[in-house]
Amino acid sequence: MKKISIAIPAWEYFGLGYGKLNYSFQQIAKQTFGDFEVIVSDHSKDNNIEDLCKKWGNKFDIIYYRNEENRGSSAYNFNKAIELCNGEWIKFLCQDDYLRDENALQITNNLLNKDYNWVATGYIHTDEEGNFFNYHAPSLNPQLYVINTIGTPSCITIRNVNPMLKMDTNLLYAFDCEFYWRFMTKYGPPNLTTDVTVVNYLWKYSLTNQILNNELLKEENKYILEKHGIKYGKNKTS
């Protein structure tokens, strides 16, 4: 069993998915920490991501799965990737994000201990011109179920617990913070660090820029509050 499974949900990404994932693999191959496997759950309709995984299969352990169900659901694709992980710990990594440098997994590994069941690290954003900006340090807040101060799933590593929770496939955008809330409620708060391990790519095809609008945010917040039996008056985003 590997120490860390890197769970990557993938798809064509408007023809750019191959290039994004290839760069992420380049960063993974540089890691000083070597006790890991890579799990790719692929929603693509073509073979490009599968071919890429075969290409990199001689560099590190890759488990590839062609996920033909519920295409377009990031939550579902994450769930399948998580399901296939064999490691003691599961590190999420969005397809268009990447590990910051060769020490990223080692920094993450140093934070994994018996006192916590998940870890959230710092990260920095980049744009299509390669500029770095907007450093983010994860933090908790009483309304984590709708106010995501933890950040991108790419900064998260969870213990491969049993039973494993699933991300809510009824959510298109806020599935991550709602998952964090439930995971924290069941398995305790995360080990937080300001150390940067991940680069979060903000570009025209990122999930935020593709689907996020005020109406969707209101609908999803309402759904989450009703799901957890939280009164609207206690939530300042209502």
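In what follows, the structure referred to is the one given above.
In this text, all values refer to a predicted model and were calculated from it rather than measured experimentally.

## Considering the packing of aromatic side chains
Point 1. Inspection of the entire model under this criterion finds 15 aromatic pairs.
Point 2. Ring centres 5.2 Å apart and planes at 70° place the aromatic pair Trp11 and Phe14 in the edge-to-face group.
Point 3. Take Trp11: its relative accessible area is 28%, and that puts it in the partly exposed class.
Point 4. Overall, the relative accessible area of 47% leaves Phe14 in the partly exposed class.
Point 5. With 5.9 Å between their ring centres and 20° between their planes, Trp56 and Phe60 make a pair best called stacked.
Point 6. When its relative accessible area of 12% is taken as the criterion, Trp56 is described as buried.
Point 7. With a relative accessible area of 7%, Phe60 lands in the buried category.
Point 8. Taken together, the ring pairs connect Phe78, Phe92, Trp118, Phe175, Phe179, Tyr180, Phe183 and Tyr187 into an aromatic cluster.

## Some words on the pairing of strand β6 (residues 118-126)
Point 1. For β6, the buried fraction is high: nine of the nine residues fall into the buried class.
Point 2. Pairing analysis gives three bridges linking β6 to strand β8 (residues 156-159), with the strands arranged antiparallel. Note on β8: the bridge partner recorded for Val119 is Thr157.
Point 3. Sheet topology places β6 next to strand β7 (residues 132-136); three bridges connect them, and they run antiparallel. Within β7, the residue paired with Thr126 across the bridge is Phe132.
Point 4. Taken together, β6 and the strand that follows it, β7, pair antiparallel across an intervening segment of five residues, in which Gly130 is found at a positive phi of about 85°.

## Brief notes about the pattern of salt bridges
Point 1. Going through the model one piece at a time under the given rule, you end up with 10 salt bridges.
Point 2. Here Lys2 ties to Asp61 by a salt bridge, and the two come within 3.5 Å at their closest N and O atoms. Taken together, the residues span a long stretch of sequence, with Lys2 in the segment before β1 (4-10) and Asp61 in the loop between α2 (48-56) and β3 (62-66) at a distance of 59 residues.
Point 3. A residue is classified by how much of its surface remains accessible, and Lys2, at 28% relative accessible area, is partly exposed.
Point 4. One salt bridge connects Glu50 with Lys54, and the closest N-O pair in it is separated by 3.8 Å. Of this pair, Glu50 and Lys54 both sit in helix α2, four residues apart, which is roughly one turn of that helix.
Point 5. Judged by its relative accessible area of 22%, Glu50 falls in the partly exposed class.
Point 6. With a relative accessible area of 59%, Lys54 lands in the exposed category.
Point 7. Linked by salt bridges that have partners in common, Asp42, Glu50, Lys54 and Arg66 make up one network.

The rules behind the values
- Residues numbered from 1 in each chain as written.
- Predicted model: local features only at pLDDT ≥ 70, side-chain atom pairs only at ≥ 80, totals over all residues.
- Heavy atoms only, no water.
- Phe/Tyr/Trp six-rings, centres within 6.5 Å; stacked < 30°, edge-to-face > 60°.
- Buried < 20%, exposed > 50% of the residue type's maximum accessible area, 1.4 Å probe, protein only.
- Helix = DSSP H or I, 4+ residues; strand = E, 2+ residues; numbered from the N terminus.
- Pairing = 2+ DSSP bridges.
- Salt bridge = Lys/Arg side-chain N within 4 Å of Asp/Glu carboxyl O.

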